[in-house]
Amino acid sequence: MPKSPFLLKVCGLCEEENLLAVAGLRPDFVGFIFHPASARYAGGRLRTTAVRALPANIRPVGVFVNESTASVLATAHSFGLHAVQLHGQETPAQCAELRAAGLLVIKAFSIGEELDQEKLRPYAGVCDYFLFDTQGRQPGGNGQVFDWELLRGYSLGVPYFLAGGLAPEHAEQLQRLRLPGLVGLDLNSRFETSPGLKSPELLQNFFAVLRPSL
Ligand SMILES: O=C(O)c1ccccc1N[C@@H]1O[C@H](COP(=O)(O)O)[C@@H](O)[C@H]1O
């Protein structure tokens, strides 16, 4: 079986022991939610040193919703974040500011019944990655899948992560999935035993399918 080309990101970690267990699986990115309303809110629960101690090949990503640039940068500096994932109505100008500050910028977009590429176009030159998530009641972490075929016509050239309800039972389908621009998978609520607590077993099984040669 060919090795999956996908970057793997595990998001919504907020307990140190759990972070260590997940880091042992060697995801490419781990995500920490800095949106106070989230059940996965990492602020005040995770020591900055625990995030800073991650191996260099596991990149820490901070997830924010409509925070000011100053606030994002303050959190990024204290936790040593490599990347920021923006889940609100952040503007292209704010993405450019954060990128100029040395952060890798992932801009999330909620997908409903269609993919409106014209809304994405202004972000194309100022983001490193897009992330396509399912439109729902919350700004993220809704645990629901959208129709991935909507991405078949994606043509903007910015590489993206697929997110939104990705679950253990999708492993084989995702392993075979090829869509223009798709480079990564973001795993969150469907891999939890309770909000914010990831199941290392579920993740390990998923990784075994996606990375069969490792
Ligand atoms: O997980 C959250 O609580 C969250 C809150 C606010 C913004 C983003 C959040 N999570 C991100 O949502 C997507 C999809 O998650 P799920 O698989 O549907 O649970 C993912 O990118 C998370 O990083």
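Located above this text is the structure these notes cover.
The structure displayed is predicted, hence computed values, not measured ones. (Residues numbered from 1 in each chain as written. Predicted model: local features only at pLDDT ≥ 70, side-chain atom pairs only at ≥ 80, totals over all residues. Heavy atoms only, no water.)

Asker: What is the right way to read the sheet that holds strand S3 (residues 59–64) from this model?
Answerer: In a beta sheet, neighbouring strands pair by backbone hydrogen bonds and run either parallel or antiparallel. Read once around its circumference, the closed barrel built from 8 strands follows the order S1-S2-S3-S4-S5-S6-S7-S8, with strand pairing classed as parallel. This sheet shows a mean twist of 30° between the axes of neighbouring strands, independent of strand direction. Pairing of strand S1 (residues 7–10) with strand S2 (residues 29–33), which is carried by 2 bridges, proceeds in the parallel orientation. Considered in S2, the bridge of Val10 is made with Val30. Along the sheet, helix H4 (residues 92–100) contacts strand S4 (83–86) and strand S5 (104–111); its crossing angle with S5, the most-contacted strand, is approximately 150°. (Pairing = 2+ DSSP bridges. Helix = DSSP H or I, 4+ residues; strand = E, 2+ residues; numbered from the N terminus. Axes fitted to C-alpha atoms, helices over the stretch in contact; angles between N-to-C directions. Contact = heavy atoms within 4.5 Å.)

Asker: Just to check I follow, could you spell out the site of the ligand for this structure?
Answerer: Surrounding the ligand, one finds 22 residues, the nearest of these being Ser38, Arg40, Gly143, Asp186 and Ser189. A distance of 3.2 Å separates an oxygen atom of the ligand from a polar atom in the side chain of Gln85. Taking Asn188, its side chain carries an N or O atom lying 2.8 Å from an oxygen atom of the ligand. Protein burial of the ligand: of its 510 Å² of free accessible surface, 98% is covered by the chains. Split into classes, the residues belonging to the shell around the ligand amount to 6 nonpolar, 12 polar and 4 charged. (Near = heavy atom within 4 Å. Polar contact = N/O pair within 3.5 Å; in protein donor to acceptor, adjacent residues only side chain to side chain. Areas by Shrake-Rupley, 256 points an atom, 1.4 Å probe, with all protein chains shown as cover. Nonpolar A, V, L, I, M, F, W, Y, C, P; charged D, E, K, R; others polar.)

Asker: Could you clarify how one ought to interpret the environment of His35 in this entry?
Answerer: Within the secondary structure, His35 is located in the loop between S2 and helix H2 (48–52). Once the C-alpha coordinates of His35 and Gly153 are considered, the two residues, 118 residues apart in sequence, prove to be 32 Å apart. The residues contacting His35, other than those within four sequence positions of it, are Tyr41, Val63, Val65 and Pro139.

Asker: I keep staring at the pattern of salt bridges and nothing clicks. Help me out?
Answerer: Pairing of side chains with opposite charge becomes possible as their charged atoms draw close. Within the structure shown, the criterion is met by 11 salt bridges. Notably, a salt bridge pairs Glu118 with Arg121, separated by 2.8 Å at the nearest N-O pair. Judged by relative accessible area, Arg121 falls into the partly exposed class, the value being 43%. (Salt bridge = Lys/Arg side-chain N within 4 Å of Asp/Glu carboxyl O. Buried < 20%, exposed > 50% of the residue type's maximum accessible area, 1.4 Å probe, protein only.)

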